[in-house]
Amino acid sequence: MADPAITIRSIPLFSALSREDIAKVLGKLEEVSVPSGATIFSQGDQGDAFYVIQSGAVQVIVEAAAGRREVVAVLGAQDGFGEMALLSGEPRSASVVAIADTSLWRLSRESWNELIEKHPSWLLHFCATISKRLARLDAQYSYGRDAYRSLAENYYASRTREHQQFLRRAALLDWLDAETAGSLLRANDAAGCIRDLQTSQLPLLQSGSDHRLEFHPLFGEFLRGRLAAIEGSAGERELHADISAGYESLAQWPQAIEHALAGENWRRARMLLIEHYGGGAETSANFVKTALDRFPTGFFHGDTALIQLKADAMLALADPQGAYRVYQEALAHQRSHVGVVQYQNMARALYERREYNQAVQCLRSALKILEQDVGEHRGPSLLRQSDGEPGERPFSRQKTRYSPALRLRRIVRKPSLIRWLGGIAGAAIWAYFWFGTPAIGLEPAATKLLGLVCLTLI
Ligand code: CMP
């Protein structure tokens, strides 16, 4: 029998090791024999060892969704396997099954770790192996993609115009059920089109979450490409608006909101969110937050109802710091206001003391002040909106007309004007008492003194 040290040394993986190290490795290698057909380990197992094939052969099998098994590699003498789980700490990425009577060397995780610690360059070898494997897979995937695309193209091109239109539009739906798709897209033969998809040799549909039927991702992508080319982005937005209205009539609010957002119909999305999620259901906090993240900043920051809704969602997600940031950012988009600044300072102090919930309450009050201040003129729940944002605004930016009484109240409320008026009135009263010395039953000196007191006070 050949000297095991020479055999090990001839394996590329171990060729860089010194004679001494080889001797140490040999002491740690455990010989294992497996008969043809035996499973060495299964996908999902914990990784506890690395293997090198001494003789024989194994196949690497990946178990895909729906019980499909795919052989991704066949390995023979001198090949190694089982390194991925050891490197990543993840479970085994594939099952390995002997396809002939096979002799293996098994290196335990501990010995593998020791070897890596001593010879970091060993890692480079594994990185190179894994990179080559990935490159091969990428090439296979892009080839498969092109092949799929051309078959999908053939399928699509051989359908009638109505059928093609249904397919393009249906690609915007979350799932395909004949009744809903028919009513949302006003298609007469939705059931026939879906049956036709199901009977195709090409996998055009797949079973999605809750076992609902949906387009295969590659086919969906192809159809959406067609839709964009034919209908344009404006047409797509209109379609989303139609679908949103359809979902609304079916009382399917999340879908109605999704499509209103996709169609950039911000007013509609706002109304649906406030009407159906304004109560603050905790289970939907994530949905609400994600939906609000999609609004244009200018629109969002101009609407206190949306700001409150997002802050409530963050609180429901146990993220008071996030809620604090929502308010701070919204307030930063507004003109400074004495009362608001005071609340902001208070909130900052509380935040620094990690009293996040109180800090949030302070900012909520600050926002209320702004809302009251601006609301008289712009309508409830609206604030100043920052300029230059895309999308529709909740209300038009008309010049506000004030009634005379309101105008006076606004003027009188201005702090600088009040000071000036006070100064003039004080000076006038002082001058009256000082120079006019009216007969009010006081000595002239006392009357003058009274004028000075009035000046100071007023
Ligand atoms: P590990 O994930 O630990 O367990 C399964 C092993 O199969 C994996 O490490 C690799 O060593 C090997 N393996 C996985 N995918 C491939 C592939 N595409 N080609 C060759 N070997 C693979």
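Just so we're clear, the structure is a prediction, and the values are computed from it rather than from any experiment. (Residues numbered from 1 in each chain as written. Predicted model: local features only at pLDDT ≥ 70, side-chain atom pairs only at ≥ 80, totals over all residues. Heavy atoms only, no water.)

1. Regarding helix H20 (residues 444-457)
Each full turn of the α-helix corresponds to 3.6 residues, which orients residues three or four apart in the same direction.
Inference 1: An ideal rise of 1.5 Å per residue puts 20 Å on 14 residues; H20 measures up with 20 Å between its terminal C-alpha atoms.
Inference 2: Among all positions of H20, only Thr447, Gly451 and Cys454 are buried. The buried side chains of H20 occupy one side of the element, clustering within an arc of 65 degrees when seen end-on. In H20, those exposed residues whose orientation departs by more than 90 degrees from the buried face are Ala445, Leu449, Thr456 and Leu457. (Helix = DSSP H or I, 4+ residues; strand = E, 2+ residues; numbered from the N terminus. Expected span 1.5 Å × (residues − 1). Buried < 20%, exposed > 50% of the residue type's maximum accessible area, 1.4 Å probe, protein only. Arc of directions from axis to C-beta.)

2. Some details on the environment of Glu236
Inference 1: Positionally, Glu236 belongs in helix H9 (residues 217-249).
Inference 2: Put simply, Glu236 and Leu172 are 64 residues apart on the chain and 9.1 Å apart in space, counted from C-alpha to C-alpha.

3. As for unusual backbone geometry
Inference 1: A positive phi angle is found at Glu264, which is not glycine, with a value near 55 degrees.
Inference 2: Assignment of secondary structure puts Glu264 in the loop between helix H10 (253-262) and helix H11 (266-277).
Inference 3: What makes Glu264 partly exposed here is its relative accessible area of 41%.

4. Some points on the site of the ligand
Inference 1: Neighbouring the ligand are 14 residues; Gly82, Glu83, Ala85, Arg92 and Ser93 lie closest to it.
Inference 2: Taking Ala85, its main chain carries an N or O atom lying 2.9 Å from an oxygen atom of the ligand.
Inference 3: Arg92 places a side-chain nitrogen or oxygen 2.7 Å from an oxygen atom of the ligand.
Inference 4: With the chains in place, 95% of the 460 Å² that the ligand exposes on its own is no longer accessible.
Inference 5: Listing elements by their share of the shell around the ligand, those giving two or more residues are strand E5 (69-75), helix H3 (83-88) and helix H5 (121-157).
Inference 6: Tallying contributions element by element places H3 first for the shell around the ligand, with 3 residues.
Inference 7: Considering only residue class, the shell around the ligand consists of 8 nonpolar, 2 polar and 4 charged. (Near = heavy atom within 4 Å. Polar contact = N/O pair within 3.5 Å; in protein donor to acceptor, adjacent residues only side chain to side chain. Areas by Shrake-Rupley, 256 points an atom, 1.4 Å probe, with all protein chains shown as cover. Nonpolar A, V, L, I, M, F, W, Y, C, P; charged D, E, K, R; others polar.)

5. Some thoughts on the sheet that holds strand E6 (residues 80-81)
Inference 1: Pairing in this open sheet of 4 strands is antiparallel, and the strands run E1-E8-E3-E6 from one edge to the other. Each of the sheet's edge strands pairs with one partner strand only, and the pair in question is strand E1 (30-34) and E6.
Inference 2: Pairing analysis gives 2 bridges linking strand E3 (residues 49-55) to E6, with the strands arranged antiparallel. Looking across to E6, one finds that Val52 is bridged to Gly80.
Inference 3: Taken strand by strand, helix H4 (residues 109-118) contacts E3 and strand E8 (102-108), and its axis lies near 65 degrees from that of E8. (Pairing = 2+ DSSP bridges. Contact = heavy atoms within 4.5 Å. Axes fitted to C-alpha atoms, helices over the stretch in contact; angles between N-to-C directions.)

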